[in-house]
Structures are given as C-alpha cells and as structure tokens.
Number of protein chains: 2
Amino acid sequence: MSSENSVGVVAPQRAHFNEPLTLKSGARLPGFELVFETYGTLNAEHANAVLVCHALSGSHHVAGTYADDPESIGWWDNLVGPGKPLDTRKFFVVGVNNLGGCYGSTGPLSINPDTGKRFGADFPLVTVEDWVAAQARLADHLGIRTWAAVIGGSLGGMQAIEWSVQLPDRIRHAMVIASAPKLSAQNIAFNEVARQAIISDPDFHGGYYADHGVVPTTGLRLARMVGHITYLSDSQMAEKFGRQLRHGEHKFSYDVDFEIESYLRYQGNKFAGYFDANTYLMMTKALDYFDPAYGYEGQLAAALARARASFFVASFSTDWRFAPARSREIVFALLHNRLHVVYAEIECDAGHDSFLLADPHYHDLLRAYLENIAV
Amino acid sequence: MSSENSVGVVAPQRAHFNEPLTLKSGARLPGFELVFETYGTLNAEHANAVLVCHALSGSHHVAGTYADDPESIGWWDNLVGPGKPLDTRKFFVVGVNNLGGCYGSTGPLSINPDTGKRFGADFPLVTVEDWVAAQARLADHLGIRTWAAVIGGSLGGMQAIEWSVQLPDRIRHAMVIASAPKLSAQNIAFNEVARQAIISDPDFHGGYYADHGVVPTTGLRLARMVGHITYLSDSQMAEKFGRQLRHGEHKFSYDVDFEIESYLRYQGNKFAGYFDANTYLMMTKALDYFDPAYGYEGQLAAALARARASFFVASFSTDWRFAPARSREIVFALLHNRLHVVYAEIECDAGHDSFLLADPHYHDLLRAYLENIAV
C-alpha cells in the first residue's frame, strides 16, 4: 500500500553508457547500464537534484510503488515524497542501483558479451570510488552538473563522502548517516564470516552457480543472519525478543526455541530468496576497501582537504556497527578543514538500521537541513 | 613447554558412574563416564577441593602438560599451580570434561551401547543443571562432600552459579567470572548463526556424520569464526589487526586482504580440526537454556535465595559478549539475598577472553580471594 504523501506509482528507467570505465582494481568495463528512478522535477537551473545512495542490500527503488505490485514500497519511502523531509515538491530525487548490483544495473547477473553467459565470478570487484564514477555518468546523462545533495546511510554515506573528495565541485551538500570513514577490524571480521559462508557453500561453484542452475542459498542465508545481528541494537533485540520462547517451553532440540531464532531464520531465508550472492560478496568488499585516508597515511583530514561541500553527519546512539564515535571521526576531519558541518547524535533504540526509520527527531533534523538547501 | 611453577606432567583419569542419570530434558542416561584431572592433594579434612568448570570449548586439561606432548599446556595453566593464584600447594584442584563433551567424557562421540555406533545426534541435549548433577557424582567419587570453591569463566561461571542453587550445602565459594545470569537475545542470535552454519553443512547428515565417515568442518569453521569475533573486544581487534593488509595492497579478490581475515580463517580451521560438531551444538544450547530465574518469573534474586555460598564475581571492561552490566545483575541479586559477594570490574582490553589471561590486577584479585578461603 502506498503511504500518505507517497510519490505514487513510479517506474524504473535505464541508462546505457558506451564509454569504457576503468575500475579501481584496474579492470575495464567496455560499457555498462544503470537502472534508476527519479521523483520530482528537475528545475530550470538544474540545481535541485539529490542523489540517494543505497547501502548493502538497497536498490534504485527509493520511494513510491510499482503499478503491478502495490506492496513494492521503496526502501526510503518514509523520507522521500511531497511534504516529506526530502520533499519532492522542491527536489528532483534520483535513486540508482549501483554498478555490480543485482536489481538490473550491470553486474554479476548480467550477460557477459564475451561468453554469452552470466558474468558470475568474472564480474570485477567494484569499489565506492567506482560507484561514484558511474553515478557521475548518470548525472551527466540527466543533465545534472552539480548535485544539491548526495545522501546515504551506512555504505550509502560512504558514497556521499567519496563524492565530496572525488568530484568536489559537483556536490554542494554531503549527507552522511550512520556511516564510518572506514571499517574497523571487527566490521571486516563480520564481513569475512559472511563471505566465507557464501564461498564455502557447495552451491557457490566458485561464483559460477548460474551456470549450474543453482543458487548458494545456504551461504546467503547465513551471511544475512550474521549481518542482521549487526544491524540491530542489543537493547532493541532484548525489547523485541528477549528470551521469549516460541512454543512456551524449551524443546531440547535444534528446532526453534527462542523467538529471536525464528526471526533470524526468517530474515535469512527471505534474503536468500532474492539477493545475488556475487553481488553480496562484492558489496562487502566495497565496504572493506573504503578508506579515503588510505592514500594519505591514514590521515582522514588530509583526505578530506579537497572537499568543498557542506556536510550533514548523523549517528545513532545504539548503533554498534558504525557507532557515533565513527561519525565523530568524520566530523573532526571536516572541522580540521574548516568545512561546514552539522552533526547530530540521535538517541534511537534501533541500532544501525535506525537510519531507515522515521524517528521524529531524526526526520525533523533532516527536514530542517534540507529546507535550508538553496535550489 | 611447561611454564614456571607448572604442576608439571599430568595424566587424565576416568570415572564410571553406573547409576542412571535423568536429564533436564527428560532423557535418561543409563550410566556415563567423566574424564578428569586433579592437581595438588586432597587434605585430611577433604576441605580444600576446588572444581574448575570449563566453558564452551574447554576440557578437563586445566593445567600442566602431558608426558607425550610437552606443547599440551592446560587451558588455565596461568592460574593453577604451585605459587599461582589457585595454588596447588593449598588446594586440590579438579578439572573435568563435561557430560556431552568431546574430550573423552560420555558424549556424542561415544559408542551408543544400543546400536554399537557413535551416538551422534542421538546423544541427548545436556544442560548446565545436568553438568552440575554429573559433577556431583564425581565429587562423591573423589570423597569431596563440599567444594571449597567452584570456579569458572563464561559458561564455566554459570556452572558455579548453578552449584550454589542446586546443591547449596556442597559449595562454600562460587567464583563467577566473565559470565551472565542468562543469555541475551543477541547472545542467542550469535549461537543460532553458529548452529545453522553447522546444521546446514551438507556433511552434517543430521548429526550422524560419523556414520558417513565425514565431519562438517565447513560449518564448524564458520561457527568458530563468528564465535571468535564475540570473544575479542573491538578495541583489541583494532590494536592487534586494525586494517593491516596481508600483502601490502588490496587484492581485489576474495583471498585474504586484511590480517584479521587471515586470523579468523586460521582460528576457524584449527578449531574445525579437533572439535566435535554435535558437542558444539549442545554447548550453545546449554548456554541458551541457562536461566536460573526461569522458574521464578524471571526474578534472579528469588532464584538465588537458596544459595549459601560466598561469591567472587568479576567482569571485564571490554567484554561485550557478557558485559559488566550482566555481572552486576548477579551481584544485585546476591546482595538482595544478603549473601557475601566480592565484585570486581576489571579494566582489560582483551574482551570476553580476558578471563583466560594473566592480567595482573585480575590475578592479584583471584589470589587474594583464594588466599582467604579456609581449608
């Protein structure tokens, strides 16, 4: 069902880019396609465009619904629409499925023109830098010279940071939510468990599972389960599930005893039913590799010296995946460069996934910040 | 190599118990065996015995080395020995492999007399309560009416708590380290991921892998990897590994990029080479089920009303698996019952695994407490 103030029925679009793209890894894509959606209208000055960047499992479908599926509400529909914080009466909002994704943009599921079969493991690893380069092509295609804002949560926030340093004159506001300037060893460790779960699934076939007519669902399911734990806060899990028993008593078996087990299995199964394993692997690597300070001896302030944008940075009190301290690292580096930054540490019980929710304090802040952006 | 002040070369012993044991699940073991080790000498009054309870992957081999393997140092060798905090010149120390374990006590790897094959999945689920009942048989066998102390870390600490309520007149001191009165939803969630990794391994064969001549190493490896993340602190991981690259550069592949990946894979592979999958599953369930307040409407203080022991409770500042707040729940419930309790919250960087280390403040506290125990 479409929510109140929805952008309504939307349809994805597709852009072809025929110029080759050399990736961070050195691999070269002869050309590629991106699937995207837009909401609102680009103004005469082309000054009101906002790019929404998705995180690990998101897509170009940010807001609204599809005509043939009223349940297909966009993943950030609570944020984007007429009268919503990212107001489509003011802004022209663009959602894009990133390169390497599994929702229609060129990626491991695409047909490799060299072989006539799906790329699978032959699709090169793509990084946050590569995504921004590809998104810039989309901006050109749409006639957007400069984004009013680039906004994203988690891995999406990293893309906003990357825009600010890679193409500093093409972004006026970077909105970085529940993000981090780089992964910690613990973050990488969780990603590595997820990857090993997928890679060690006998149905993975070295990434060429499509050629075998199978999908490594067992590995994907485990990967999502472990990921999901890191998206929720300990306190929220305690509140939502606690030690509630599914059947009112201990079963003394390996069936579901506790509600949290049932919930995790459900989330894992659901995800394994629609997400592509090679894309998942690639997304976790994009996360691991992201580190703008890498070429600056670890000095984030030096890395951000090129940035010209104004920043909105927000973190959530119970987010232990990318804790508030990680956002503060970004803020300190921005202040060091005398860049304009609004930082909010929001009390919210929902952990990392808070960025997807319509917490009133959080949305009020977003609304206020976005209202002040000149278009 | 044997450490300084080692108990030296030791040898495991074995006790047979022919009387049936009815488990918490309702299942009945017609008889069982426990493998154990002892260090020091039981005094004339039989008043100096200390039981060391192991955690998830521990064993009866607490201290010393084996004659045929000088590298086989006991898992708590830094604590137990002449002149060490748990001083074997004063105490008679007992280590035991718990029922259902995979180091020689009756468990899933044992031969089921009914079938002539290994129990495998037919071995019943065993709980912390069952372990204490079995350990009490061992105490009888050794002529120990009352333990001077029962000590353990993590799941081992839960056994010390259980002793204090199940057999309150047979324990004088309960030493509960890096433990919790019950698992949180998040704790259970991590266990569930580990279980699903094992159960969904095609080599698991519903727990009857021994009959197929295989071992579900892939699942065990993943289970250990995810477990290991929860044993270490974020800060220690950052300090030990940070974002150090294995090969000095990003490889743009799914081989090892970061040192933390290499470390986790190593830990997972090592563990999968020696631990039994059915025992691992059972251990995680024993953890999930432990909840002395379960029969007392969740009131821990009511559950502990039967306890008569004095308590030593310790937690570690960077332990996020069983954070200090979880130990404080135990302390509050003990104080509510006007029981004697010494509580220490120890600053240590090593997370949950701190309880295994020889942190000087921690060991000094243990030493002081144990010195005051009359024998």
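Residues numbered from 1 in each chain as written. Chains lettered and ligands numbered in written order. Predicted model: local features only at pLDDT ≥ 70, side-chain atom pairs only at ≥ 80, totals over all residues. Heavy atoms only, no water.

1. A few points about the side chain of E129 of chain B
Inspection of the secondary structure puts E129 of chain B in helix α1 (residues 128-142). According to the relative accessible area criterion, E129 of chain B is buried, its value standing at 18%. (Helix = DSSP H or I, 4+ residues; strand = E, 2+ residues; numbered from the N terminus. Buried < 20%, exposed > 50% of the residue type's maximum accessible area, 1.4 Å probe, protein only.)

2. Here we look at the relation of the copies chain A and chain B
When chain A is brought onto chain B, the operation consists of a screw motion whose angular component is 180 degrees and whose axial shift is 0.0 Å, with 0.0 Å RMSD remaining. Classification of the inter-copy transformation places it as that of a two-fold axis. The overlap is high: 100% of the interface residues of chain A also sit at the interface in chain B, so the same surface is used on both sides. (Least-squares fit on C-alpha atoms with pLDDT ≥ 70 in both. Contact = heavy atoms within 4.5 Å.)

3. Focus: unusual backbone geometry
Residue and element names in this part refer to chain A. Unusually for a residue other than glycine, S154 sits at a positive phi of about 60 degrees. Within the fold, S154 resides in the loop between β11 (149-153) and α2 (155-166). Its relative accessible area of 5% is what places S154 among the buried residues.

4. Things to note about the side chain of N97 of chain B
Residues and elements named next belong to chain B. Turning to its location among the elements, N97 is positioned in the loop between β8 (92-96) and α1. The class of N97 is buried, set by a relative accessible area of 1%. In terms of polar contacts, N97 uses its side chain to reach the backbone amide nitrogen of Y103, at 3.1 Å. Discounting chain neighbours no more than four positions away, the residues touching N97 are L34, V35, H54, G58, S59, H60, C102, Y103, G104 and S105. (Polar contact = N/O pair within 3.5 Å; in protein donor to acceptor, adjacent residues only side chain to side chain.)

5. Regarding the environment of A11 of chain A
Residue and element names in this part refer to chain A. In this fold, A11 is placed in the loop between β1 (9-10) and β2 (13-17). Between the alpha carbons of A11 and D201 there is a distance of 35 Å; along the sequence they are 190 residues apart. If we ignore the near neighbours within four places in the chain, the residues touching A11 are F36, E37 and Y66.

6. Notes on the nonpolar core
Nonpolar side chains in soluble globular proteins tend to end up buried together. Counting residues in each nonpolar core, the largest one holds 260 residues, and the members touching the most others are I177 of chain A together with I177 of chain B. The residues contacting I177 of chain A, other than those within four sequence positions of it, are W76, I151, G152, G153, S154, G157, F312, A314, F316, F355, Y362 and L366 of chain A. (Core = buried A, V, L, I, M, F, W, Y, C linked by side-chain atoms within 4.5 Å.)

7. A few points about the UniProt feature "active site" (unreviewed entry) in chain A
All names here are of chain A. When the UniProt feature table is mapped onto this chain, "active site" (unreviewed entry) is found at S154, D319 and H352. A stretch of 199 residues holds the annotated residues, and the largest C-alpha distance among them is 10.7 Å, short enough that they meet in one place. Looking at where D319 falls in the secondary structure, it is placed in the loop between β13 (310-316) and α9 (324-336). On the basis of relative accessibility, which here comes to 2%, the residue D319 falls in the buried class. In this fold, H352 is placed in the loop between β14 (341-346) and α10 (360-371). (UniProt positions renumbered as here; feature names shortened; annotations may be inferred.)

8. A closer look at the pairing of strand β5 (residues 32-39) of chain A
Residues and elements named next belong to chain A. Burial within β5 is extensive, with six of its eight residues counted as buried. As paired strands, β2 and β5 are joined by five bridges and run antiparallel to one another. Looking at β5, one finds that Q13 is bridged to F36. Inspection of the sheet shows β5 paired to strand β10 (residues 92-96) by four bridges, in the antiparallel sense. (Pairing = 2+ DSSP bridges.)

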